[in-house]
Amino acid sequence: MLHMKDLNLENKRVFIRLDLNVPLKNNKIISSERIDRSLPTIKLALKKNAKIILASHLGRPKEGQYDKKFSLFPVFKYLKKKLPEVNITFSKKYLEGINVNTHQIVVLENVRFNCGETDNNIDLSKQYANLCDIFVMDAFATAHRIESSTYGICNFVQKSCIGPLLYSEVKTLKNILNKSKHPIVTIIGGAKVSTKFNLLSSLLKITDTMLLGGGIANTFISLFYPIGKSLYEKNFQNKAKTLYKTKKILLPIDSRVSTSYSIDSIATIKSVSNILPHEEILDIGNKTVQKYKKIIQQAKTILWNGPMGVFEFPNFSKGTEEIAKSIANSTAFSVAGGGDTIAVIDLFNIYKKISYISTGGGAFLEFIENKTLPILEKLKK
Ligand code: 3PG
């Protein structure tokens, strides 16, 4: 595999795919971790006198449509602040070509505004390739996606290489997984249910106990009780049934529910067997917290991805906070990954108490499952 650090980038147009998909609230960055972890790559490109093009997605906007909510403009402003000496510009229309000089950075608007990005469209991949001489893949957190700016571009660009962050994430995770001690406790939550569901079976192979929260847990609970308006995936119920038979999965026994979904919604704690049709599960309850904490205390290795509930709403952050602090205080080797998970780590100020924090969420889980990622195989070729 070619490495960015070994290439001559002098006066070359270098297209660097990063994962700058940071959580935003009212267009303000809640956690800058993914940007901060990408800064060494940007600085390396500056040091090597490249003409720098930075690309990333943010969220999941509707393709072909601009939506301010998903704009990378706040990320561009943050980069300007972090690199005050550098000439950095922002480009909304770049597919037909852009001007970039040596030691200058152009930040591209969200690549997922472009039609065909998530389908790995050939024409779009060619357009990206035409913008540059060298492609650097450094978006570990998006390395499990086969999309035009993460994968397809490699087919048309003169030279492709791996970036420092992607390389170090893969190397570190490999080392950790080879050395992990039992009992291994995996904690999975969050709202991206379908992406994670497909990874559960291989995670269960290496896990002694799996603790679930968020939309994934709701899908399992729905096998036994009605869950009202709660987030879940009907299509995965059969799979959930099979996975539950492993007897390694623990589910919430109580939850914080609401009849509305807003920042000031009131929480009521209820048994999961008692949810009414107009109610929605938004966090785990106190009994579940106690049950999960006992398991966490016994772990030697903890793999954590995703919050237990809607931690952004103050009345529904308690479950996530308790579990996060319990992971932080455990003596186990803890590995956490994912955009929302990092935001939780920031929010509860436990950064220094997690043994390793990966920028990837889905990518981190998929890497644990397959021990590789599609783009790594491609770059090897
Ligand atoms: C993530 O947050 O896990 C990555 O940025 C990938 O985002 P995606 O799940 O929308 O592809």
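Just so you know, these numbers come straight off a predicted model, no measurement behind them.

What counts and how
Residues numbered from 1 in each chain as written. Predicted model: local features only at pLDDT ≥ 70, side-chain atom pairs only at ≥ 80, totals over all residues. Heavy atoms only, no water. Buried < 20%, exposed > 50% of the residue type's maximum accessible area, 1.4 Å probe, protein only. Helix = DSSP H or I, 4+ residues; strand = E, 2+ residues; numbered from the N terminus. Arc of directions from axis to C-beta. Polar contact = N/O pair within 3.5 Å; in protein donor to acceptor, adjacent residues only side chain to side chain. Near = heavy atom within 4 Å. Areas by Shrake-Rupley, 256 points an atom, 1.4 Å probe, with all protein chains shown as cover. Pairing = 2+ DSSP bridges. Contact = heavy atoms within 4.5 Å. Axes fitted to C-alpha atoms, helices over the stretch in contact; angles between N-to-C directions.

1. Notes on helix α3 (residues 122–130)
Here is step 1 of the chain: Within the span of α3, buried status applies to Leu124, Ser125, Tyr128 and Ala129. Along the axis of α3, the buried positions cluster into a sector of 140°, meaning they face one direction only. For α3, the exposed residues lying more than 90 degrees away from the buried face are Ile122, Asp123 and Asn130.
Here is step 2 of the chain: For α3, the N-terminal capping position is held by Asn121, with its side-chain oxygen 2.9 Å away from the main-chain nitrogen of Asp123.

2. Remarks on the site of the ligand
Here is step 1 of the chain: Neighbouring the ligand are Asp19, Asn21, Arg34, His57, Arg60, Arg112, Ala141, Arg145 and Lys192.
Here is step 2 of the chain: Here Asp19 contributes a side-chain N or O atom positioned 2.7 Å from an oxygen atom of the ligand.
Here is step 3 of the chain: Interatomic distance of 2.6 Å between a side-chain N/O atom of Arg145 and an oxygen atom of the ligand.
Here is step 4 of the chain: For the ligand, the protein covers 94% of the area, taking 310 Å² as the surface of the free molecule.

3. A few points about the pairing of strand β4 (residues 51–55)
Here is step 1 of the chain: Of all five residues in β4, four are buried; the element is thus mostly enclosed.
Here is step 2 of the chain: Bridge count between β4 and strand β6 (residues 104–108): three bridges; the pairing is parallel. Within β6, the residue paired with Ile52 across the bridge is Ile105.

4. Re the sheet that holds strand β16 (residues 333–337)
Here is step 1 of the chain: The strand order across the open sheet built from six strands is β11-β10-β9-β15-β16-β17, with neighbouring strands paired in parallel fashion. On the outer flanks of this sheet lie β11 (249–250) and β17 (356–358), each paired with one strand and no other.
Here is step 2 of the chain: Examined bridge by bridge, strand β15 (residues 301–305) and β16 share four bridges and lie parallel to one another. Looking across to β16, one finds that Ile302 is bridged to Ser334.
Here is step 3 of the chain: Sitting on the sheet, helix α4 (residues 164–179) touches β16 and β17, and the angle it makes with β17 is about 135°.

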